Amino acid sequence: MTMPDPEGSPSSATGSLAGRKRAMLVGLAVGVPVSAVFLWLAIRGTDLSEVRAALANARVGPLVLALGAFVLLYAAQAERWRRIAAVPTLGWTAYAEMVVSAVACNNVMPARIGDLLRADWLRRRGGIPAGRALATVILDRSCDIVVLFVLLVATLPEVTGSRWSLRIALGTLTLVAGIALLLVFARAYTTRRPRARLTSRRLVRRIVRDVVEGLAEPMGRRRLAVALALSVVAWVAFAAAAICVGRSVGLHLSLVDALFATAVINLGVAIPSSPGFVGTYQWLGVASLGVAGVDRTSALAFAILLQAVWYLPTTLVGGGMLAIRGARTVTAPRRVRRAGSGSAF
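Definitions and limits used
Residues numbered from 1 in each chain as written. Predicted model: local features only at pLDDT ≥ 70, side-chain atom pairs only at ≥ 80, totals over all residues. Heavy atoms only, no water. Helix = DSSP H or I, 4+ residues; strand = E, 2+ residues; numbered from the N terminus. Contact = heavy atoms within 4.5 Å. Areas by Shrake-Rupley, 256 points an atom, 1.4 Å probe, with all protein chains shown as cover. Phe/Tyr/Trp six-rings, centres within 6.5 Å; stacked < 30°, edge-to-face > 60°. Buried < 20%, exposed > 50% of the residue type's maximum accessible area, 1.4 Å probe, protein only. Lys NZ or Arg CZ within 6 Å of the ring centre and 35° of its normal. Patch = residues over 30% accessible without salt bridge, like charges linked within 9 Å, V, L, I, M, F, W, Y side chains within 5 Å. Salt bridge = Lys/Arg side-chain N within 4 Å of Asp/Glu carboxyl O. Core = buried A, V, L, I, M, F, W, Y, C linked by side-chain atoms within 4.5 Å. Axes fitted to C-alpha atoms, helices over the stretch in contact; angles between N-to-C directions. Parallel < 35°, antiparallel > 145°, perpendicular 65-115°, else oblique. Left-handed = near helix turned anticlockwise from the far one by under 90°. Nonpolar A, V, L, I, M, F, W, Y, C, P; charged D, E, K, R; others polar.

Enquirer: Before we move on, can you summarise the overall build of the protein chain with the specific residues and values?
Expert: Assigned secondary structure in the protein chain consists of 13 helices and zero strands. In sequence order, the protein chain lays out its α and β elements as α-α-α-α-α-α-α-α-α-α-α-α-α. The long-range share in the protein chain, meaning contacts at least 24 apart out of those at least 6 apart in sequence, stands at 75%. Entry remark: accessible area of the protein chain is about 17,700 Å², with carbon and sulfur atoms responsible for 67%.

Written out as structure tokens, the structure reads:
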């Protein structure tokens, strides 16, 4: 008789680790060539010496303001995820730590593995099933996709028409429709098949069951409205950061141009890329500002600085959080062993 493999057992942890390694290898195998191609597309036709000069002469003040805007972005995303997950034992600071740490992982590892890791962290720290934790991440990221799609559609009529931006809009519309169908399916499936009938001894089936049930849980209109409003705050903050970065290199972007670039860049980074979206990020920045009439040299300098402003701080801060958490994990068992080795008289 085969016994179920608990989600927290060593064998499941080993399988999860092996899956992450495979995802990293596949991500590198696909992402590095793709990033190289997009990086070439971004730098072709530009004078790199002029780009270096623009970066060297960039004003520091607007970059500091951009950094503050990114802090607001992550604060809004952490609060949104807290409301979606609704785990009473975890406060805002825990979600903020997990969000920034996940971004740091995405910056240095391929395949957006940080999103999967924060689901695992929520499972461990919140004491909830793995599938339900993953469902909260799916809903959280879906709010981003919906708001970015609305921003893209709203700004398209105000910018010079381009086929590739329309393709991004159509592709995102397809993704939004897919998310809606997934939620409808989850609700219908759990209504027809109660939890008792979904019980399974297989780990994968249990996780899938919990994901479906997590997606089927009604959020309520008020909770959904707050989640979407926080998404708007987050991406308007990103647009404000884009405007500040543009000012640092002498570009005066309008709010429409900044919102358009925000939507294009953040929807486009779903393209498989190497760690930190290098290449993909630069090409999307150059392409989006090109639609707004910005020359390639200034647009490339903008894209490099915009990525650097969020990449370096979040990688350092998130990596530091991971290091501290890892050190606590290692030292905690030692303290327990030392406490247990004492003799009582």
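Enquirer: Please give an account of the environment of Ala 102 that cites residues and values.
Expert: Assignment of secondary structure puts Ala 102 in helix α4 (residues 92-108). Along the backbone, Ala 102 and Ala 119 are 17 residues apart, and their C-alpha atoms lie at a distance of 9.5 Å. Those residues in contact with Ala 102 that lie beyond four places of it in its chain are Gly 114, Arg 118 and Trp 121.

Enquirer: Describe the packing of aromatic side chains, with residues and values.
Expert: Scanning the model with the defined rule gives seven aromatic pairs in all. Ring centres of Phe 38 and Trp 283 lie 4.9 Å apart, and the angle between their planes is 40°; this geometry places the pair in the tilted category. Note that Phe 38 is positioned in helix α1 (residues 10-43) and Trp 283 in helix α12 (residues 280-291), a separation of 245 residues in sequence. Of the residues examined, Trp 283 reaches a relative accessible area of 22% and is grouped as partly exposed. Seen in terms of ring centroids, Trp 235 and Phe 238 are 5.8 Å apart; in terms of plane orientation they differ by 55°. Their pairing is tilted. Here Trp 235 and its partner Phe 238 are both found in helix α10 (residues 221-248), three residues apart, which amounts to about one turn of the helix. The residues Trp 235 and Phe 238 share a single accessibility class, namely buried. Members of the aromatic cluster, connected to one another through ring pairs, are Phe 70, Trp 235 and Phe 238. Stacked on the ring of Trp 81, the Lys or Arg Arg 118 has its end atom at 4.5 Å from the ring centre. Over the face of the ring belonging to Trp 121 we find Arg 325, whose NZ or CZ atom lies 4.6 Å from the ring centre.

Enquirer: Which residues make up a nonpolar patch on the surface, and what are the values?
Expert: A cluster of nonpolar residues, Leu 39, Ile 43, Leu 48 and Val 278, forms a patch on the protein surface that exposes about 270 Å² of accessible area. Examined against the element boundaries, Ile 43 turns out to sit in helix α1. When its relative accessible area of 32% is taken as the criterion, Ile 43 is described as partly exposed.

Enquirer: I'd like to hear about the nonpolar core, residue by residue, with values.
Expert: Counting residues in hydrophobic clusters, the biggest one holds 78 residues, and the most contacted among them are Tyr 95, Leu 122 and Leu 152. Sequence-distant contacts of Leu 152, defined by excluding residues within four places in its chain, comprise Ser 165, Ile 168, Ala 169, Phe 260, Ala 263, Val 264 and Leu 267. Listed in part, the eleven residues of the second largest apolar core include Cys 143, Val 211, Leu 215 and Ala 227.

Enquirer: Lay out the packing of helix α6 (residues 130-155) against α10 with the relevant residues and their values.
Expert: Close contact between α6 and α10 brings their axes to 9 Å; oriented N to C, the two are set at 60°. With respect to their mutual orientation, α6 and α10 come out oblique. In this structure, α6 meets α10 at a crossing whose hand is right-handed. Contacts between α6 and α10 involve Cys 143, Asp 144, Val 147, Leu 148 and Leu 151 on the former and, on the latter, Ala 227, Leu 228, Ser 231, Val 232 and Trp 235. Class assignment for the residues of the contact of α6 with α10 results in eight nonpolar, one polar and one charged.

Enquirer: Any details on the pattern of salt bridges? Residues and values, ideally.
Expert: Summed over the entire model, instances satisfying the criterion amount to 15 salt bridges. Between Glu 97 and Arg 325 there is a salt bridge, and its shortest N-O distance comes to 2.8 Å. A residue pair is termed long-range when its members are at least 10 positions apart, and Glu 97 in helix α4 and Arg 325 in helix α13 (residues 296-341) qualify at 228 residues. Each member of the pair, Glu 97 as well as Arg 325, is classed as buried. Arg 118 is the partner of Asp 140 in a salt bridge, and the nearest nitrogen-oxygen pair spans 2.8 Å.

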